[in-house]
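Structural features, examined
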Amino acid sequence: MRKLSRESWINSVLVLLLALAPLCASLLDEPYYVSLASRVVIIAMAAVGLNLALGFGGLISFGHAAFFGLGGYVAGVAAYHAFDGSYFIGGIPGSDQMPVIWLVAVLVAGLAAAFIGVISLRTQGVYFIMITLAFAQMIYYFAISFPTYGGEDGLSIYVRNSLFSLDTSDPLIFFGICFFSLMLSIFFTRRLMGSRFGAALTMARLNEVRLATSGVEPFPIRLTAFVLSAMITSGAGALFADLNGFVSPSMLSWHHSGELMVIVILGGVGRLFGPVAGAVVFVLLETFIGGFTQHWQFFLGLILLSVVLFANGGLIGLLAGRSRHD
Amino acid sequence: MMLEVSQIETYYGPSQALFGVDLSVAAGELVALMGRNGMGKSTTIRSICRLTPAKRGHIVFDGQDLTGLRSFQAARSGIGLVPEGRRCFASLTVYENLVATARSGAWDYAKVVSLFPRLGERAGQMADTLSGGEQQMLAIGRALMTNPKLLILDEATEGLAPVIRQEIWSAIRRLKGEGQSLLVVDKTLSELLPLADSCVILEKGRSVWTGRPAALTNDLRDQYLGV
């Protein structure tokens, strides 16, 4: 039998704790903590999406909140039309079915990412960061100026969307849906990075000129990674809207893009479970230190600084050592 | 001719590096590109591969004018490059380095491993854990996996231990024996010249002599290749 690496052990413990925490909370009749675990899992999934672009592809996107928010708005708008029986742009009915919403969310985000990527991926470095930020801000201001869907006030989802015959209003069942989605996104990322495409993406990150001299154009590889990354993040956005029963332009704001970057860096850039570790620490700090002081970000900043300065490979790197992609 | 380079002039920014280089490689031929350091050998290779495109002159490969093509398109047309300095992808395994950019053809993983058995033994190892010689084998293997019509080797044996150098030269001999077209830059003339079908000498960015290795006199060597 193949021996598990140290990182695999750490990842397994992390996943086990994440799965057991809401079960314990549910047994102790603490639904708040079940929802908190769902929040961790959803944010981790959004960061898994960003990690594909940022960590594995070296694409420092500062606009991933756009895809997170688009996923959220697809869920919100679909639920809004399903609730009052009206139609979207004249003839498209709403839906309260999660599979339909997820499919539309990933398609919408995928199309948006393809458009943004075709333009932004022609640049590099700080220009790429700024262009992705600019596109995200454009979508943010578009959402604010659209009164039909709540404008600045946002849009409420009155009844949580459905998944087959499951009772999605049960916090534990909803957590299970989110947890399954997170595991699926990590499994997908792992398979992708283990494929020839993944190796080519790593090559494009390490040295695109060398890749080009092998006859492979780096641009379509990067674009595909960017689009897939956006699709994962938008799926998380749709779940986030359902978790909160609410979607607002704040989901699209640059603060959110920054938070996702912080989570990826905190957990470990390019580490498969780095976003999960980052999301756990981020949400726990926000919840528990945020309960004592408004300035909880100060402590987050200290931790982030320590991780960046002293832990090559984020929290996962600190515990597991150098990765093969460091 | 498989490759026909005529009067190319190449610049790095405002600085002109090539002032008129001519060379040609026929199918199945090994051409030695020679000259002292800084005479334009690597720039000529970069121009052929469209990494530093020539501003003037023409490069025709396999009947196709490479002018206007991008480097990946030039590579796709059948030019394989083993760049100077053993350039592998350090954080990928040997196997990933080989298969990620492979194209179908006579050269596949099994054939590359038969040429360099060490690569097969270290298939799961990260490229940065290989010795210098093994990294060079990997760089050649990676280029072969793209099944190039023309393989360009830029200083492939530089800085390697003599025993490894011999392995690389025997691989080059095997490639030549199989009819692979080669353009080789190397300072080990005692190994290179017996294999070469023709030689091109560069001096200050110009091709100053082209001929068969047997015609390369000691005077020419002293004039253009001596230190």
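Residues numbered from 1 in each chain as written. Chains lettered and ligands numbered in written order. Predicted model: local features only at pLDDT ≥ 70, side-chain atom pairs only at ≥ 80, totals over all residues. Heavy atoms only, no water.

1. Some remarks on the overall build of chain B
Across its full length, chain B holds nine helices and 10 strands. Computed over the C-alpha atoms, the radius of gyration of chain B is 17 Å, within 12% of the 17 Å expected from 2.2 N^0.38 for a compact globule of 227 residues. Along the three orthogonal principal directions, the C-alpha set of chain B runs to about 45 × 40 × 30 Å. The proportion of buried residues among the 227 residues of chain B is 58%. In chain B, of all internal contacts separated by at least 6 residues, the share reaching a separation of at least 24 is 68%. If you sum the accessible surface of chain B, you get close to 9,100 Å²; carbon and sulfur atoms cover 50% of it. If you average the places of the 25 positive and of the 23 negative side-chain charges in chain B, the two averages end up 4 Å apart. (Helix = DSSP H or I, 4+ residues; strand = E, 2+ residues; numbered from the N terminus. Rg over C-alpha atoms; globule rule 2.2 N^0.38 Å. Buried < 20%, exposed > 50% of the residue type's maximum accessible area, 1.4 Å probe, protein only. Contact = heavy atoms within 4.5 Å. Areas by Shrake-Rupley, 256 points an atom, 1.4 Å probe, with all protein chains shown as cover. Lys, Arg positive; Asp, Glu negative; His and termini not counted. Charge placed at Lys NZ, Arg CZ, Asp CG, Glu CD.)

2. Some points on the domain arrangement of chain B
Residue and element names in this part refer to chain B. Domain annotation for chain B reports domain 1 (1-78 + 149-160 + 181-227) and domain 2 (83-148). Between domain 1 and domain 2, the C-alpha centre-to-centre distance is 24 Å. Considering only the surface of domain 1 that becomes buried against domain 2, Leu151, Asp154 and Leu160 emerge as the three largest contributors, covering 42% of it. Across the contact surface, domain 1 and domain 2 share zero salt bridges. Between domain 1 and domain 2 we count three residue pairs in polar contact (both at pLDDT 80 or more) in total. Residue assignment for the side of domain 1 that touches domain 2 shows that the elements contributing at least two residues are helix H2 (71-76) and strand S7 (150-154). Looking at which element gives the most residues to the side of domain 1 that touches domain 2, the answer is S7, with four residues. Of the residues in the side of domain 1 that touches domain 2, the class split is six nonpolar, three polar and five charged. (Domains from an automatic or database assignment. Buried area = accessible area lost by both parts, 1.4 Å probe. Salt bridge = Lys/Arg side-chain N within 4 Å of Asp/Glu carboxyl O. Polar contact = N/O pair within 3.5 Å; in protein donor to acceptor, adjacent residues only side chain to side chain. Nonpolar A, V, L, I, M, F, W, Y, C, P; charged D, E, K, R; others polar.)

3. Description of the interface of chain B and chain A
The accessible area lost on association of the parts is a frequent measure of interface size. Tallying the contact residues gives 25 residues for chain B and 20 residues for chain A. Between chain B and chain A, roughly 2,000 Å² of surface is buried when both sides are summed, and carbon and sulfur atoms account for 58% of that area. Contact with chain A buries surface across chain B, with B:Phe72, B:Phe89 and B:Ser91 losing the most and accounting together for 28% of the total. Put simply, chain B and chain A have one salt bridge between them. Summed over the shared surface of chain B and chain A, the number is eight residue pairs in polar contact (both at pLDDT 80 or more). Considering every element that reaches the side of chain B that touches chain A, the biggest residue donor is H2(B), with four residues.

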